[in-house]
Amino acid sequence: DISIIISAIISLCYTLFGGLVSVAYTDVIQIFFIVIGLFLALPFAMTHPAVSNIYSAKLDDGLTPAWYGSVAPHEWGGWMDHSLLCLLGGIPWQCYFQRVLSAQTSTRAQLMSYGGAAIALVMTGPAVLFGAVARSTDWSLTEYPCSAPSGDTAKLVMPLTLQYLTPPAVAWFGLGAISAAVMSSTDSSLLSASSLIARNVYQKVFRAGCGEREVVVALWVIILGNCILATTLAIQYKDIYALFVLCGDFTYVMLFPQLLLVIYWSKANTYGSVFSFILTVILRLSVGDKYLGLPAAFSFGVVTASCPTVEDPDHMCEGALPYRTFIMLIGLVVHIIVSAATDLSFCMAEVDLRWDFLNCYQKMGSVIVMRNTREMDTPVKSLKVGGVLS
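The sections below set out a description of the structure shown in this document. Since this is a predicted model, take the numbers as computed values, not measurements. (Residues numbered from 1 in each chain as written. Predicted model: local features only at pLDDT ≥ 70, side-chain atom pairs only at ≥ 80, totals over all residues. Heavy atoms only, no water.)

### Here's the deal with the overall build of the chain
Quick note on the threshold: Each helix is a run of H or I in the DSSP string that is no shorter than four residues. Each strand is a run of E no shorter than two, and both are numbered from the N terminus. For each residue, the accessible area found with a 1.4 Å probe, counting protein chains only, is set against the maximum for its type, and the residue is called buried under 20%, exposed over 50%, and partly exposed in between. Only heavy atoms enter the contact rule, under which two residues are in contact if any of them lie within 4.5 Å. With residues, only the protein chains shown are counted as cover, and all accessible areas are computed by Shrake-Rupley using a 1.4 Å probe. Positive charges come from Lys and Arg, negative ones from Asp and Glu, while His and the chain ends are left out of the count. All charge positions are set by atom: Lys at NZ, Arg at CZ, Asp at CG, Glu at CD.
What the chain contains, in helices and strands, is 11 helices and 4 strands. Structurally, the chain occupies a C-alpha span of about 80 × 60 × 35 Å along its principal axes. Evaluated residue by residue, the chain yields a buried proportion of 36% over its 390 residues. Pairs at least 24 residues apart make up 65% of the contacts formed inside the chain by residues separated by at least 6 positions. With an accessible surface of roughly 23,300 Å², the chain has 69% of that area assigned to carbon and sulfur atoms. The averaged location of the 25 negative side-chain charges in the chain is 14 Å from the averaged location of its 20 positive side-chain charges.

Right, dumping it as structure tokens:
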């Protein structure tokens, strides 16, 4: 708990006083620390006397290395859900777009996005191999006082591997790499979430027209509040990865379909966004969540498959269908239907604009067009509007 509090205070200080510049520079330092720490520790862990060849143990088929693992037939729904969640749920995160929008040119923003993806792919290598090393380790030959990590201790396998399978100096660098990764995510999330609240909520909703100095003061207060909240969650919930997946879960379900349509469909509007958001929130909370302690009000169904055991050869196991993906697709379809219906009503059927409660449309000459679109005020949009008006 003390280390969590100290890390939060350090992250809070340089985020408050340095803003995006300090976050960006510290992220550069931290990424080098991560690369050096993990790649330095990996050879020592793989050559430890207690570690056997990671490819020697095989699964039941006699060909697949044991550390690859396997997915039981009833678990495919959950694996599919989490795979799509990790692939697509991280795209709409505010901390990513904060960096993209702060790039000086669109080319640099693209290079940063593709480069970040390539670096992330490379950096998964050491993490995966550390898991393979832990799987191939005879932990009774190490100073680890317990049996091989499993169950709740399996989530600590990487720091345990660094601590017990590498020399102390190397372990210090490796554990520092993990700390650097955590700090990098902490400061980015603090600044992005607080900026979002300060600009989009405080300035536009509660204090419209307030000065820039007031917004900065509000940003400082919000950063402090978010830091306290995040620190409390980190102390209360020991499974940080579960919180990360939960955050990605809600982002994937509620925000990904909206981002997809805003970028690729010009008729997407606020009506579709609001209806889609409310519906996906209700559906996602209704199916329950064990981390939030929410019971399931209904289910999309289960996958049933045979999983025989020694005690019960006819044992049947159940697994969830990819309900997160189902909810995301429902939100996507609802967004399209509602946006298309409102666009047809106001632009084609010419319903009176006094019924446009969300102020999405405006009259330009003799036609009604959307007030804001993804095309913004580009020459292409001007040509389109000009052609319609003529």
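### Some details on the pattern of salt bridges
Note the threshold: We define a salt bridge as a contact between a side-chain nitrogen of Lys or Arg and a carboxyl oxygen of Asp or Glu at a distance within 4 Å.
One pass over the structure, following the stated rule, counts 7 salt bridges. For the salt bridge of Asp343 with Lys267, the shortest nitrogen-to-oxygen distance reads 3.4 Å. You can see Asp343 sitting in helix 10 (residues 323-348) and its partner Lys267 sitting in the loop between helix 8 (240-264) and helix 9 (270-286), a full 76 residues away along the chain. Between Asp352 and Arg354 there is a salt bridge, with the nearest N and O atoms lying 3.7 Å from each other. Counted as one network, the salt bridges with shared partners bring together Asp81, Asp249, Arg284, Asp289 and Arg324.

### Examining a nonpolar patch on the surface
We apply this condition: Patches draw on residues past 30% relative accessible area with no salt bridge. Two like charges within 9 Å are joined, as are two nonpolar side chains (Val, Leu, Ile, Met, Phe, Trp, Tyr) within 5 Å.
Where nonpolar side chains cluster on the molecular surface, the patch consists of Val28, Ile31, Phe32, Ile36, Leu40, Phe44, Ile119, Trp172 and Phe173 and spans about 850 Å² of accessible area. Among the secondary structure elements, those contributing two or more residues to the nonpolar patch are helix 1 (2-46) and helix 6 (168-206). The element contributing the most residues to the nonpolar patch is helix 1, with 6 residues. Locating Phe44 in the fold gives a position in helix 1.

### Topic: the state of the cysteines
In a disulfide, the sulfur atoms of two cysteines are held together by a covalent bond. What counts, and what does not: Cysteine sulfur atoms that pair up within 2.5 Å are treated as a disulfide.
All told, the structure shown has 1 disulfide when counted by the stated rule. A disulfide bridge connects Cys307 with Cys317, and the sulfur atoms are separated by 1.7 Å. Disulfide Cys307-Cys317: torsion about the S-S bond near 90 degrees, hence right-handed. Of this pair, Cys307 sits in the loop between strand 1 (302-306) and strand 2 (316-320) while Cys317 is found in strand 2, placing the two residues 10 residues apart along the sequence. There is no split in this pair, since Cys307 and Cys317 are both buried. Of the cysteine sulfurs around Cys86, a residue in no disulfide, the closest is that of Cys247, at 12 Å. Of all cysteine sulfurs, the one in Cys347 lies closest to Cys360, which takes part in no disulfide; the gap is 10 Å.

### So, unusual backbone geometry
Positioned with a positive phi, Asn359 is a non-glycine residue whose angle comes to about 55 degrees. Mapping Asn359 onto the fold places it in the loop between helix 10 and strand 3 (361-364). Its relative accessible area of 46% is what places Asn359 among the partly exposed residues.

### A few points about the pairing of strand 2
This is how the line gets drawn: Strand pairing is assigned whenever DSSP identifies at least 2 bridges connecting the two strands.
Covered by surrounding structure in strand 2 are Cys317 and Gly319 only, the residues Met316, Glu318 and Ala320 on the alternate face being uncovered. Relative to strand 2, strand 1 runs antiparallel, the two being bridged by 5 bridges. From the neighbouring strand, Val302 faces strand 2, where its bridge partner is Ala320.

### Quick word on the side chain of Thr280
The following threshold applies: Definition of a polar contact: a pair of N or O atoms within 3.5 Å, with one able to donate and the other able to accept a hydrogen when the atoms are protein atoms, and with sequence-neighbouring residues admitted only if both atoms are side-chain atoms.
Structurally, Thr280 can be placed in helix 9. Side-chain polar atoms of Thr280 contact the backbone oxygen of Ser276, separated by 2.8 Å.

### Some points on the environment of Lys290
For Lys290, the location among the structural elements is in the loop between helix 9 and strand 1. Each C-alpha atom, one on Lys290 and one on Gly69, is 25 Å from the other, the two residues being 221 residues apart in sequence.

### So, the nonpolar core
For clarity, the cut-off: Take the buried residues of types Ala, Val, Leu, Ile, Met, Phe, Trp, Tyr and Cys, join any two whose side-chain atoms come within 4.5 Å, and each joined set is a nonpolar core.
Grouped together as the largest cluster of nonpolar side chains are 19 residues, with contacts concentrated most on Leu38, Phe130, Trp139 and Leu165. Taken together, the elements giving at least two residues each to this core come down to helix 1, helix 4 (106-135), helix 5 (157-165) and helix 6. Looking at which element gives the most residues to this core, the answer is helix 1, with 5 residues. Apart from the residues within four sequence positions on either side, Leu38 is in contact with Met123, Pro126, Phe130, Met158 and Ala177.

### Things to note about the packing of helix 5 against helix 6
When two helices pack together, their arrangement is given by the angle between the helix axes and by the axis-to-axis distance. Condition: Whenever a helix is involved, its axis is fitted only over the stretch in contact; in every case the axis is a line through C-alpha atoms, and angles between N-to-C directions fall within 0 to 180 degrees. An angle counts as roughly parallel when it lies under 35 degrees, as roughly antiparallel when it exceeds 145, as roughly perpendicular when it falls between 65 and 115, and as oblique in every other case. Here is the rule for handedness: rotate from the far helix to the near one, and if that takes an anticlockwise turn smaller than a right angle the crossing is left-handed, while a clockwise turn gives right-handed. In this classification, Asp, Glu, Lys and Arg are treated as charged, Ala, Val, Leu, Ile, Met, Phe, Trp, Tyr, Cys and Pro as nonpolar, and every other residue, Gly included, as polar.
Orientation of helix 5 relative to helix 6, taken along the N-to-C sense of each, is 160 degrees, at an axis distance of 8 Å. Looking at the two axes, helix 5 sits roughly antiparallel to helix 6. Two packed elements cross with a definite hand, and for helix 5 against helix 6 that hand is left-handed. The segment helix 5 lies against helix 6, with Met158, Pro159, Leu162 and Gln163 engaging Ala171, Gly174, Leu175 and Ile178. The residue makeup of the contact of helix 5 with helix 6, split by class, is 6 nonpolar, 2 polar and no charged.

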